[in-house]
Amino acid sequence: MQLNFKKVIKHTFPNFVERYRVLKTNFSCTSDYWENEINGMLMLADELEKYPYDKVKPKKYLKKNKHRKHAVVEINNTCNLNCAMCQTMSATRKRGRMEIDLFRKILVKLSKQGIKTLALHTLGDPLANPRLPEIFEEIRRYNFKTSICTNGLLLDRHIDTLIEYMDICPSISFSIDGAKATSYEKIRVGGKFDDILKQLELSNKKLRTKGMSVKIQFMICNDNIDEIGEFICLFRKYVLMPAYDLSFSVITGLAPDNQYFHDANPFPNLTHKNLMCFRPAGDPLWFNVDGTVSACCRDYHGDLTVGNIIKEEYDDILNGKGLRNLQVAHEKNKLSSFPLCDSCFRPDKRLDSIIDTYIRFLIYSFPKENSSFYQNNINRIIDILKKNSNFHKEINTLLSDLK
């Protein structure tokens, strides 16, 4: 009944849904909120300087893994692009879509564990799945919630489905890593910049008018780091509240081939081997199209399989031998049996929080500035973080200069 009530509200009063979101955000994200965010950012900057990853990484995993609140279900491992940082075409796992019966079995087993939130994205783009309406119908039936993360280029194929199932999928995130055709098409290999702009116009016309929450993500790398200001000015018209709906992160080594990551990583000074990664703790588990369960989204070849949900229960996989063997290898720094882990690198995760908070605060404080204003101030924090000292002091000075 609750889902049906939400469906009626969202379909009948879309303007109310949008106004409610604005009021809720304005109520919770006051000046006190931003003061706490900035203080937290400065604390992270201080920690990043004083305590590099080697000093703060965990030593042991919990002997019994905690149940998670969400899971990732790979409804398809097919994609319409072959992005530079993903290189999904290099995956050797058999390509295809998850059968509806298998998807249903997974939902039943996740329900028993109290999990009610799903992500539908691993190697594939969920909008590349022609059976998305059937997937959403099962999610609605079993009272789950989900959201869509997509490159956005296939939005027009599923626009009616997204509108119909807003009660269980109230938000969509577009991953767009360029403000110009040259950078976008270099990173999003196979995509056309003009096409994504058309799809975002469709989103404005069809989704936002229905009250759907639309977000846009930007992955910072050497190929686009000088156009973040242009990105803000170009894409802020496609979201309701730019300071909350635009997000920024630093490139990570997703594909097994690290060459693009190493070439495009702006922060080699703050990059570390991803030892004691949080993913071997089962945070979350990744359910592949064939029912095998992986510990990582980087598992392009099935090398990090830790179970099979068709044959096992969720709890048995979460605390089973497969996951524990991976944990022990990380704890002992003996990863030769897991070459994907042995070759995995990433910039310090604290960078994401610092940069994202700063850029969003910039947008919040100066919502109508031009691209040069944003870029000049973003360049300053990037230059600070490319050094190895005085993060806290220099960022604090930077914030003072904004007043």
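Structure report, in brief.

Definitions and cut-offs
Residues numbered from 1 in each chain as written. Predicted model: local features only at pLDDT ≥ 70, side-chain atom pairs only at ≥ 80, totals over all residues. Heavy atoms only, no water. Helix = DSSP H or I, 4+ residues; strand = E, 2+ residues; numbered from the N terminus. Expected span 1.5 Å × (residues − 1). Buried < 20%, exposed > 50% of the residue type's maximum accessible area, 1.4 Å probe, protein only. Arc of directions from axis to C-beta. Contact = heavy atoms within 4.5 Å. Pairing = 2+ DSSP bridges. 1 Å grid on protein atoms, 1.4 Å probe; cavity = no way out; pocket = protein on both sides within 12 Å on 5 of 7 lines; lining within 4 Å. Points joined across faces, edges and corners; volume = space filled by probe spheres on them. Nonpolar A, V, L, I, M, F, W, Y, C, P; charged D, E, K, R; others polar. Axes fitted to C-alpha atoms, helices over the stretch in contact; angles between N-to-C directions. Parallel < 35°, antiparallel > 145°, perpendicular 65-115°, else oblique. Left-handed = near helix turned anticlockwise from the far one by under 90°.

A closer look at helix α9 (residues 193-207)
Okay, step 1: The end-to-end C-alpha separation of α9 is 20 Å, in line with the 21 Å expected for 15 residues at 1.5 Å each.
Okay, step 2: Turning to α9, its buried residues number three or more, namely Phe-193, Ile-196, Leu-197, Gln-199, Leu-200, Ser-203 and Leu-207. Relative to the axis of α9, the buried residues are bounded by an arc of 160° and lie together on one face. Turned more than 90 degrees away from the buried face of α9, the exposed residues are Asp-194, Lys-198 and Lys-205.
Okay, step 3: Against α7 (155-164), β4 (171-175), α8 (181-187), β5 (213-220) and α10 (228-235) lie the buried residues of α9.

Points about the sheet that holds strand β10 (residues 305-308)
Okay, step 1: Judged by pairing direction, the sheet is mixed, and its 9 strands sit side by side in the order β6-β5-β4-β3-β2-β1-β8-β9-β10 without closing on themselves. The two strands at the open ends of the sheet, each matched to only one other strand, are β6 (246-250) and β10.
Okay, step 2: Here strand β3 (residues 145-150) pairs with β4 via 3 bridges, running parallel. Note on β4: the bridge partner recorded for Thr-150 is Phe-174.

Quick word on empty space enclosed by the protein
Okay, step 1: Applying the stated criterion across every chain, the model contains 2 cavities of 30 Å³ or more.
Okay, step 2: If you trace the second largest cavity, you find it lined by Ala-84, Met-85, Gln-87, Thr-252, Gly-253, Leu-254, Ala-255, Asp-257, Asn-258, Tyr-260 and Phe-261.
Okay, step 3: Counted by class, the lining of the second largest cavity contains 6 nonpolar, 4 polar and 1 charged residues.

What about the packing of helix α6 (residues 132-141) against α7?
Relative placement of two packed helices is described by the angle separating their axes and the distance separating the axes.
Okay, step 1: Contact geometry of α6 with α7 gives a least axis separation of 10 Å together with a crossing angle of 15°. Compared by their axis directions, α6 and α7 come out roughly parallel. Of the two possible hands of crossing, α6 and α7 adopt the one that is right-handed. Every residue of α7 that contacts α6 at Leu-132, Pro-133, Phe-136 and Arg-140 is listed here: His-158, Thr-161, Leu-162 and Glu-164.
Okay, step 2: Split into classes, the residues belonging to the contact of α6 with α7 amount to 4 nonpolar, 2 polar and 2 charged.

Things to note about the pairing of β5
Okay, step 1: Counting buried positions along β5 yields 6 of 8 residues, so the element is predominantly enclosed.
Okay, step 2: One ladder, built from 5 bridges, connects β4 with β5; its direction is parallel. When the sheet's bridge partners are listed, Ser-171 is paired in β5 with Ser-213.
Okay, step 3: Bridging between β5 and β6 involves 5 bridges; their strand directions are parallel. Across the sheet, residue Ile-220 finds its bridge partner in β6, namely Val-250.

Describing unusual backbone geometry
Okay, step 1: Along the chain, Asp-283 connects to Pro-284 via a cis peptide bond; the corresponding omega equals -10°.
Okay, step 2: Its location among the elements puts Pro-284 in the loop between β7 (271-273) and β8 (286-287).
Okay, step 3: Of note, the phi angle at Gln-87 is positive, near 50°, even though the residue is not glycine.
Okay, step 4: By the secondary structure assignment, Gln-87 is in the loop between β1 (70-73) and α5 (100-112).
Okay, step 5: You can call Gln-87 buried: its relative accessible area is 18%.
Okay, step 6: The phi torsion at Met-276 lies on the positive side, around 60°, for a residue other than glycine.
Okay, step 7: Mapped onto the fold, Met-276 is located in the loop between β7 and β8.

Examining the environment of Cys-297
Okay, step 1: Here Cys-297 shows up in the loop between β9 (292-294) and β10.
Okay, step 2: It is 26 Å that separates the C-alpha atoms of Cys-297 and Lys-55, two residues lying 242 residues apart in sequence.
Okay, step 3: In this structure, Cys-297 is in contact with Thr-122, Leu-123, Leu-254, Arg-279 and Trp-286, ignoring residues within four places of it in sequence.

Re the environment of Ala-128
Okay, step 1: Position of Ala-128 among the secondary structure elements: in the loop between β2 (117-119) and α6.
Okay, step 2: Taking C-alpha positions, Ala-128 is 27 Å from Ala-264, a pair spaced 136 residues apart along the chain.
Okay, step 3: Every residue in contact with Ala-128, bar those within four places of it in the chain, is listed here: Asn-76, Thr-78 and Leu-154.

Observations regarding the packing of helix α3 (residues 31-50) against helix α16 (residues 349-365)
Okay, step 1: Contact pair α3 / α16: the axes reach a minimum separation of 9 Å and the direction vectors enclose 145°. Crossing angle aside, the handedness with which α3 passes α16 is left-handed. Of the residues in α16, those in contact with Tyr-33, Trp-34, Glu-37, Ile-38, Met-41, Leu-44, Ala-45, Glu-47 and Leu-48 of α3 are Arg-350, Leu-351, Ser-353, Ile-354, Thr-357, Tyr-358, Arg-360, Phe-361 and Tyr-364.
Okay, step 2: Here the contact of α3 with α16 is composed, by residue class, of 12 nonpolar, 2 polar and 4 charged.

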